[in-house]
Amino acid sequence: MPSSAPSPIFEIRGLSKTYQMGEVLVEALRGVDLDLWEGELVVLLGPSGSGKSTLLNILGGLDCPTSGQVHYRDHDLALFDDTAMTRYRREHVGFVFQFYNLIPSLTARENVALVTEIASDPMTPEASLAMVGLSARLDHFPTQLSGGEQQRVAIARAVSKRPQVLLCDEPTGALDASTGVLVLDVIARVNRELGTTTIVITHNAAIAAMADRVVHFGDGRVVSVDTNAVKKTAAELSW
Amino acid sequence: MKAIDHKLWRDLWRMKGQALAIALVVMCGIGNYIMFLSTLESLSSTQAAYYRDYRFAEVFASLKRAPESLRRRIADIPGVDRVQTRVAVQVRVDMPDFPEPVSAAVVSLPERGVPVLNGLHLRAGRLPAAGRADEVVASHSFATAHRLRPGSRFDVILNGRRQTLTLVGTALSPEFIQQMRPGSVFPDSKRYGILWMGRRSLGQAYNLHDAFNDLALSLDRGASVDDVIARVDALIRPYGGLGAYGREHQISHRFLSQELAQLATLGRLFPAMFMAVAAFLLNVVIGRQVAMQREQIATLKAFGYGNLQVLVHYLKSVAVINGIGIVGGIVLGNWLGRELAAIFTEFYHFPYLSFGVSPGVALEAILASLLAAGLGTFFAVWRAANLRPAVAMRPETPPAYRETWIERIGTKRWLSQPARMILRHIQRRALKSVLTVLGIALACGLILTGLFQRDTVGYMVYVQFGLMQREDLSVTFTDPTAYRARFDLVGLPGVRHVEPYRAVPVRFRHGHLEYRGGIRGFEPGGDIQRLLDADLRPVALPGDGILLTDFLGGMLDVRVGERIVVEVLEGNRPTREVVVAGLVNEFVGVSGYMELAALNRFLREGPTISGAYLGIADGSLPELLSRLRETPRVAGVAERRQEIRNFNRTMDESMLFFTYVATVFSVVIAFGVIYNNAQISLAESGRELASLRVLGFTRGEIAYILLGELGLLTLLAIPLGLGLGEWMCYDIARTMQSDLYRVPVVLEPQTYAFAAAVVLVSAVLSGLAVRRRLDRLDLVAVLKAAE
Ligand SMILES: Nc1ncnc2c1ncn2[C@@H]1O[C@H](COP(=O)(O)OP(=O)(O)O)[C@@H](O)[C@H]1O
Ligand SMILES: [Mg+2]
């Protein structure tokens, strides 16, 4: 796949975000400028507390910026009201979280169905679970699955609606190395086969090798951006 | 089914115990509401239909004797629709095989056709045939009590002459839904009944041929009752009129209305308490669920579920819990309502009573419960649904614990660490703690309201019949009689003591307030009839002036030392002022009391008595009764023991039902509140407790922390609940008080103990249920789960 795409899917300019924590102001983002391109796999790398999740949450419409602009295609996310945000998340974004965030009272199939039922052009839950290699675990509840399996259900759930962007916040953070590889492999495959723009947060530098581009984050700012001439597969990563 | 609905059902299933407890509370609330209000509605509509179908009159009057020609002039009064003139008398009845004194009101029927007003609903047989002086119809309850059938015969003393009558039918009448002997407030269908006879024969027996002594009117729409009464009074005054009165003073109607008013009060009080408790429980349980599912809510929202969908999702589980309660409540209300209506049908002898749960009442109940549930949960869910997902995804800010004021005032060094934890938990969820205490207190109080009537009735009987009306028999003469009749009574076998009395119907007036009642005169220093003050100390009769029942004093807004106007409704009907010399305390009826001689003077008559109270020797009753039967002047004889039984039965029938219902329901509340509270505490501090177990605390020690909180709240709630219950008892007693009777609030120590015990047992059972789960606490899982 080419590492550059014709137009930016996200255009981020002067983005900052401050949180009020009691009496102190926490500046999570302090002026981020970044373009993300259609179809690319980007890894966000940086120390804990540097603002990666905050950026991802804003891109995914889970939070809104304090100042600056975030354009998704032609839309300014900062101008979205609650309904528009909900519709945006429903139709365009897939999330994968560090702790999977599966609904414990629903089976793997039902967790995916939860999303396909409200999406406009979804895959079947069975198809998306097959894609992550969990066809044999359809009717298991989250507690009956291992961490890696749970995370793959979460990925199946995120991609089942065929989103334009897949946002993964430390998807391997709670997993051991070999399981992590399996999960990253699935993410890379989704990016490759469905052409979904994919952003993966990690503080594990080794993972950066599988990305088209690596964005280094520090203290609420983009420190540098590297482009990988050659992408490694998940299996080739040295953990 | 949608995936999110799977989640709904599975979540509900996981909290089924709590959901069921809440559903039970809702069920009791709805059941209560439907029971009371459907019964009320059924009774009200039956009453209205009965009154209409049987032409129940609107104005009533008795008089000495008026020529039938007066009827025209009464009919000409503007506003009067129909006029019914009758002969109505009180008689003694001699029932074969029933030696005790029986009396009856005999009311005339037109020789032909049906009465224009106050129609009869024949239950069996027929009306007396024209011109048959020996045929009689009896009230159904009287006939049933004596197993009379058409063809049965018995004797009555008509104007001093014994006459044998044949029963030809039994009937019900809207005029005598409750049949009370004059002066008595409780029905006793074995000893008092209504008889209907042809007008001509009854009139002849009482020298009322072509004359009448009883009057009933119906009015034109919109006519003024007061105007008509004033004009009727003016017309009947020369004929010994006793003062006309409207329906609201008609005794049978009053009893029924009073009962309906009580139903309406209880019908709003009890369900409101249940709804409040249900709302609170839902608030805690759903609020807790929402808090625990913060991340799930955030996830749902991250994938594009809108606020509304999330809100609806949680409100659905509220709706399911409520729905179970509603369905159960409708079934329960229907069942209890039928029971209650059956009690009333039996009690009031309606010709028909179709009990039904009207859609309106059911809908009201459902809406009230949904409203309560909505109020209890909406805000908690709304707040959670509105959280920005990025915020909701992060763990909730840890609760801010502080030292409690109990610790700060210096008791800290005596408190163990677990005791401090208990206090800080309670303080941190202060509102929840307060509401829990209130909920348990409410349950505790509810038990008192269910039981106090039993204690009270015992006390009323003791005071009314043990301290005040201490006669064995009371004898009423047919007419006011010369004082020397007393000596005839003294001479009867077995009579040890005679206290004569004079009773006269009057209208009391003070300012614009007035009350139709009676004055009784006794001889001073009597031992059988005593008047008591509020502290149950005997009150001496004043040589001058009048004593009033304190409730009557209140109705007339008169204080001791003030003057009231007394308008005598008998004889030459003097109207005079008299000083209120004091107030006396009485539970049954209201009256004025004067010294016998003073009352005779007031009436401008010689020494005259209306009857006497007798104290008799043991074992002399049968002999004495048969001698009294042969005394023509005696219109009626009442036995004190019988009055007590009537009293108890009346109270039992209308109140005992509520006692059981209230007790069962309060157990439901107590259990619902305590059990849910225990579950929530476990869910909230499960993690903390598991950590303590890991640190080496025993099961007993962590149970102490969890259940100690519950125990402390329960112990706080019990005294509060007993106080609250007492207050509710006073409130109920206040709404029930009327000139018919006042219910004092008396609560025996064992009643308090029982209420406290029920709450404690509920607490212990809830504690045990949670303790079982506490013992199975999975230490590893709790510690391992993601923060
Ligand atoms: N909802 C929030 N409220 C308060 N502070 C927040 C919130 N989210 C993030 N922060 C703070 O913003 C900073 C950046 O956080 P985050 O974006 O989560 O960092 P990262 O994902 O790079 O570890 C941190 O200091 C964090 O504590
Ligand atoms: Mg992060």
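Residues numbered from 1 in each chain as written. Chains lettered and ligands numbered in written order. Predicted model: local features only at pLDDT ≥ 70, side-chain atom pairs only at ≥ 80, totals over all residues. Heavy atoms only, no water.

Details of the pairing of strand β7 (residues 165-169) of chain A
Residue and element names in this part refer to chain A. A large share of β7 lies buried, amounting to five of its five residues. With burial as the criterion, each face of β7 is covered, one bearing V165, L167 and D169 and the other bearing L166 and C168. Summarising the sheet, strand β6 (residues 93-96) and β7 pair through four bridges and their orientation is parallel. Bridging across to β7, F95 finds its partner in L167. Note on the crossover from β7 through helix α6 (residues 177-194) to strand β8 (residues 197-202): the handedness is right-handed. (Buried < 20%, exposed > 50% of the residue type's maximum accessible area, 1.4 Å probe, protein only. Helix = DSSP H or I, 4+ residues; strand = E, 2+ residues; numbered from the N terminus. Pairing = 2+ DSSP bridges. Right-handed = clockwise from strand over helix to strand, strands pointing away.)

Points about the nonpolar core
In this structure, L114(A), L263(B), I321(B), F452(B), L689(B) and L774(B) are the most contacted members of the largest nonpolar core, which totals 144 residues. If you tally residues by element for this core, the top one is helix α7 (residues 251-292) of chain B, at 19 residues. Counting residues in hydrophobic clusters, the runner-up holds 73 residues, among them V43(A), Y88(A), Y100(A) and I201(A). (Core = buried A, V, L, I, M, F, W, Y, C linked by side-chain atoms within 4.5 Å.)

Here's the deal with the domain arrangement of chain B
The domains assigned to chain B are domain 1 (1-49 + 248-395), domain 2 (58-247) and domain 3 (495-616). Of note, the centres of domain 1 of chain B and domain 3 of chain B, computed from C-alpha atoms alone, are 52 Å apart. (Domains from an automatic or database assignment.)

Observations concerning the interface of chain A and chain B
In this assembly, 29 residues from chain A lie in contact with 25 residues from chain B. Between chain A and chain B lies a buried interface of about 2300 Å² when both sides are counted; carbon and sulfur atoms form 60% of it. When residues of chain A are sorted by the area they lose upon contact with chain B, L62(A), L114(A) and E117(A) head the list and together hold 20% of the total. Where chain A packs against chain B, one counts two salt bridges. Of the charged contacts in the structure, one is a salt bridge between E110(A) and R10(B), with a shortest N-O distance of 2.5 Å. Taken together, chain A and chain B are joined by twelve residue pairs in polar contact (both at pLDDT 80 or more). Those elements giving two or more residues to the side of chain A that touches chain B turn out to be α2 (82-92), β6, α3 (108-116) and α5 (147-159) of chain A. (Contact = heavy atoms within 4.5 Å. Buried area = accessible area lost by both parts, 1.4 Å probe. Salt bridge = Lys/Arg side-chain N within 4 Å of Asp/Glu carboxyl O. Polar contact = N/O pair within 3.5 Å; in protein donor to acceptor, adjacent residues only side chain to side chain.)

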